[in-house]
2 protein chains.
Amino acid sequence: MDLEFTSKIVKKNDKKIVMLVMDGLGGHPIKEDGLTELETAKTPNLDKLAEKSICGLQVPVGNGITPGSGPGHLGLFGYNPIKYQVGRGVLAAMGIGFDLKAEDVAARGNFCTIDEEGKVLDRRAGRIPSEKNKELCKKLCENIDIPGVEVFIETVKEHRFLLVLRGEGLNGELIDTDPQVVGEKPLEPRFKNSAIGKTVDIVKEFLRQAKKILKNEKPANMVLLRGFSQKPNWPSFPEVFKLRSAAIAAYPMYRGLARLIGMDILQTGETVEEEFKTIEEKWNDYDFFFLHVKKTDSYGEDGNFDAKVSVIEKVDSLLPRLMNLNPDVVVVTGDHSTPSLLKSHSWHPVPVLIYSKQCRPDKVKRFGERECITGSIGPRLQAEDLMALAMANALKLEKFGA
Amino acid sequence: MDLEFTSKIVKKNDKKIVMLVMDGLGGHPIKEDGLTELETAKTPNLDKLAEKSICGLQVPVGNGITPGSGPGHLGLFGYNPIKYQVGRGVLAAMGIGFDLKAEDVAARGNFCTIDEEGKVLDRRAGRIPSEKNKELCKKLCENIDIPGVEVFIETVKEHRFLLVLRGEGLNGELIDTDPQVVGEKPLEPRFKNSAIGKTVDIVKEFLRQAKKILKNEKPANMVLLRGFSQKPNWPSFPEVFKLRSAAIAAYPMYRGLARLIGMDILQTGETVEEEFKTIEEKWNDYDFFFLHVKKTDSYGEDGNFDAKVSVIEKVDSLLPRLMNLNPDVVVVTGDHSTPSLLKSHSWHPVPVLIYSKQCRPDKVKRFGERECITGSIGPRLQAEDLMALAMANALKLEKFGA
């Protein structure tokens, strides 16, 4: 169901929904036993929950489409990821808590290394430490001067920073300057389409000054810019679903995404335990919790099958603490698959369960990719429909039509 | 498939399709055995049919959406329920066989009780008997006088009546006057949007006169109006599918819905037996029969699990009479779920089977919610597609493309 349709039939009640997202949850067999990471993991608590739930697999964007983290999560939150697209720059801003204004243009920057001819030697400048990054950002901030534009340069992590341009009449429809390969010069800023305006010249001037300021630095003597974008004007999640909504996520990116659609961001720690502690502490203050577990994806990207299994088992061991809070609806899923086999995000459907007292459980007794195929959710539900199902299970949707 | 697409490839033949709708068929476990109403019911005949059919579950409107009776049935008939929306007033008119003209404005009325200040004490006037309702409608008809407008006031049942305004340039886009809660005054008539015209003033005048005429009545001393609407201009079911189409339904609402899309309405009795007798009698006269069983829903709404089971068993016991007619295609399903657990319509997918000699049966041998999940129809078919499948199974659709 689309967001606009669902929003018209939402009603408030005091029931609570938890969406537990294990990033990159879906996997692939890699060993002789033919089991995926999730199928390998010992998950007695998830299995017990699956037995009382409806199970299935969901497709975050579309069949065959490998989602990035943004689209993957937007689908889970009920936003059609093709209709609601957001640039990397905006995401980066959200992720570090930068208060982006409506007309700001944001871009993700990389410190990089160029040679004397200006060709890129290392797109990440040897992944300089974040401390060095802060020092360089400070230097840029103090020296960049472009008339009529306020320029913000903020450290993200390692070689990554955020650039924000603030001024009147800016347009974020620019191509990336990152050539994506070494041995070539950064691309000249230009608009993606036929847009006109001063933003291209502003970015050119920024790059000219940055090159000058950084020229004696090693190894980070230049910057590359990607994902120019402006803050989208989207429906607010808490307003659409009439849910006091909180995000618990250790990583900036996911906090940024949640902030973008209007969720409150709760202070939490780096570990899954700390995230579960946060939900316990804030239980009475919200109707919806987005609880994000990052490491399933990180280990998948590393190709570390066993470590991904361990993270799933860790989450399973913490699940009783969540269930002790007596949530009315629990959704457990991922924002996409990240099979260790592929060391990357993938297009494979993602296991999902939805628990409530009135979910009409199916016959699935084990939370795993192949068991879920035979569940009531089906093998390829559009992720976009999950919020409607969660809301229905929380008895928060009015009947449609007489 | 949408109606417009399907309609272009329809061909006529002499095959007959029966759509047997058990209203609110889908259920939910309530007892320790974990079985739904349908799973509990002894249904040897439906099971035998399921074995020769394709099985699955269908979603009447969308995932998570709880359908009203109107949208639930429109989906079954191939009309996208979000695209084809109809007001309560029009449905009420259809339900009592009122011959609504194109420009008429219809509303559903409730007799209600108000106090001396005009605040609503009882929105249903103690559910007055239908006889009393008829008396009051007669009194209103005889005394209401609004220049330039013909006013029809017809008893529906108990406290419910139908109001139809006939005249030139009327507009049905009015809000309900029913405040939905007691202790408040009825709402003043006004347009929903920026529409202009005389209809608001006509309704105000109607209410002014009705209040005066009813002022000494007890307990029904006022009326509330809901669901102002006008007859929609939709494609006709018999024309789209080239089917001589008949509806057999004991309840007015479902006859009204069928009439709205152009089906013939067959005289029948109050019981399921009488409905089956009607189909036997009229077998030669039609190519498509919509046979509606109401009580599965009624008992679901009452929370009476066992009685709902009994109705399903009753239908099962009558099924051989239908099969003896040798129908070419049989569809058995519901317009939505009505689990006794929830005592209301719900969002849960609805079991469905489609039988024909060329349906390519799956492995499902039992007609029940969980068995159907693994059937060829899948766990979440859009109801809108059922008519295309029924038509295909009746060999009534041409090949698409060369």
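Quick notes on the rules
- Residues numbered from 1 in each chain as written.
- Chains lettered and ligands numbered in written order.
- Predicted model: local features only at pLDDT ≥ 70, side-chain atom pairs only at ≥ 80, totals over all residues.
- Heavy atoms only, no water.
- Helix = DSSP H or I, 4+ residues; strand = E, 2+ residues; numbered from the N terminus.
- Rg over C-alpha atoms; globule rule 2.2 N^0.38 Å.
- Buried < 20%, exposed > 50% of the residue type's maximum accessible area, 1.4 Å probe, protein only.
- Contact = heavy atoms within 4.5 Å.
- Areas by Shrake-Rupley, 256 points an atom, 1.4 Å probe, with all protein chains shown as cover.
- Lys, Arg positive; Asp, Glu negative; His and termini not counted.
- Charge placed at Lys NZ, Arg CZ, Asp CG, Glu CD.
- Salt bridge = Lys/Arg side-chain N within 4 Å of Asp/Glu carboxyl O.
- Buried area = accessible area lost by both parts, 1.4 Å probe.
- Polar contact = N/O pair within 3.5 Å; in protein donor to acceptor, adjacent residues only side chain to side chain.
- Patch = residues over 30% accessible without salt bridge, like charges linked within 9 Å, V, L, I, M, F, W, Y side chains within 5 Å.
- Pairing = 2+ DSSP bridges.
- Axes fitted to C-alpha atoms, helices over the stretch in contact; angles between N-to-C directions.
- Least-squares fit on C-alpha atoms with pLDDT ≥ 70 in both.
- pLDDT = per-residue confidence, 0-100.

Our next topic: the overall build of chain A. In terms of helices and strands, chain A carries 14 helices and 13 strands. Taking 402 residues into account, the globule formula puts the C-alpha radius of gyration at 21 Å, and chain A, at 22 Å, falls close to it. Principal axes of the C-alpha set define a box for chain A whose edges measure 65 × 55 × 40 Å. Taken across its 402 residues, chain A has 58% of its residues classed as buried. Contacts spanning at least 24 positions in sequence make up 74% of the contacts within chain A whose residues lie at least 6 apart. As displayed, chain A has an accessible area near 16400 Å², and 48% of this comes from carbon and sulfur atoms. In chain A, which carries 57 positive and 57 negative side-chain charges, the distance between the mean positions of the two groups comes to 1 Å.

Residue and element names in this part refer to chain B. Inspection of every chain in the model, using the stated rule, returns 47 salt bridges over all chains. Across the pair Arg370 and Glu39 runs a salt bridge, and its minimum N-O distance is 2.4 Å. Of this pair, Arg370 sits in helix H13 (residues 369-372) while Glu39 sits in helix H2 (residues 37-40), and the two are 331 residues apart along the sequence. Classification of Glu39 as buried rests on a relative accessible area of 12%. Linking Lys119 and Glu117 is a salt bridge whose minimum nitrogen-to-oxygen distance equals 3.5 Å.

The next thing to look at is the interface of chain A and chain B. Counting residues at the interface gives 30 residues for chain A, matched by 35 residues for chain B. Of the roughly 2400 Å² buried where chain A meets chain B, counting both sides, 65% is carbon and sulfur surface. Interface area lost by chain A to chain B is led by Arg360(A), Phe400(A) and Ala402(A), which between them contribute 35%. The tally of links from chain A across to chain B stands at 2 salt bridges. Where Lys363(A) meets Glu371(B), a salt bridge forms, and the shortest distance between an N and an O atom there is 2.9 Å. One can count 11 residue pairs in polar contact (both at pLDDT 80 or more) joining chain A with chain B. Counting residues per element, the ones that place at least two in the side of chain A that touches chain B are strand E13 (378-382) and helix H14 (386-393) of chain A.

The next point concerns a nonpolar patch on the surface. All names here are of chain A. Where nonpolar side chains cluster on the molecular surface, the patch consists of Ile30, Leu341, Leu342 and Trp347 and spans about 350 Å² of accessible area. Mapped onto the fold, Ile30 is located in the loop between strand E1 (17-22) and helix H2 (37-40). On the basis of relative accessible area, Ile30 is assigned to the partly exposed category, the value being 40%.

Attention shifts here to the sheet that holds strand E2 (residues 53-59) of chain A. Residue and element names in this part refer to chain A. Taken in spatial order, the 8 strands of this open sheet run E9-E8-E10-E1-E11-E12-E2-E13, and their pairing is mixed. The outermost strands of the open sheet, each flanked by one partner alone, are strand E9 (264-265) and E13. By the bridge criterion, 6 bridges tie E1 to strand E10 (residues 288-293) in an arrangement that is parallel. Opposite Val18, over in E10, you have Phe289 as the bridge partner. Here helix H10 (residues 272-282) sits on the sheet in contact with E1, strand E8 (245-249) and E10, set at roughly 170° to E10.

Residues and elements named next belong to chain B. For strand E5 (residues 150-157) and strand E6 (residues 160-166), the ladder comprises 7 bridges, and the chain directions are antiparallel. When the bridges of E6 are listed, Val151 appears paired with Leu165. Linking two consecutive strands that pair antiparallel, namely E5 and E6, is a turn of 2 residues; a positive phi of about 45° is found at Glu158 within it.

The subject of this paragraph is H14(A). The element H14(A) is largely enclosed, with a buried count of 8 among its 8 residues. Along H14(A), the residues classified as buried are Leu386(A), Met387(A), Ala388(A), Leu389(A), Ala390(A), Met391(A), Ala392(A) and Asn393(A).

Looking now at unusual backbone geometry. A cis amide bond links Lys218(A) with the next residue in sequence, Pro219(A), at an omega value of -5°. For Pro219(A), the location among the structural elements is in the loop between helix H7 (199-214) and strand E7 (222-229). In this model, Arg127(B) sits at a positive phi of 45°, which is unusual for a non-glycine residue. Assignment of secondary structure puts Arg127(B) in the loop between strand E4 (120-122) and helix H6 (130-143).

Mapping chain A onto chain B leaves a residual RMSD of 0.2 Å; the transformation is a rotation of 122° accompanied by 0.2 Å of translation along its axis. Such values leave the two copies arranged in the relation of a three-fold axis. Residue Thr374(A) of chain A places its C-alpha closer to the rotation axis than any other residue of that unit, at 3.6 Å. Here only 3% of the contact residues of chain A are again contact residues in chain B; the copies associate through non-equivalent surfaces.

Residue and element names in this part refer to chain B. Taken in spatial order, the 8 strands line up as E9-E8-E10-E1-E11-E12-E2-E13 in an open sheet, and their pairing is mixed. The open sheet has two edge strands with one neighbour each: strand E9 (264-265) and strand E13 (378-382). Direction of pairing for strand E2 (residues 53-59) relative to strand E12 (residues 350-355): antiparallel, over a ladder of 6 bridges. Residue Gln58 lies in a different strand from E12, and its bridge partner there is Val350.

Here the focus is the confidence of the model for chain A. Per-residue confidence for chain A averages 96 on the pLDDT scale, and 100% of its residues sit at or above 70. The ipTM assigned to the predicted complex is 0.88, against a pTM of 0.89.

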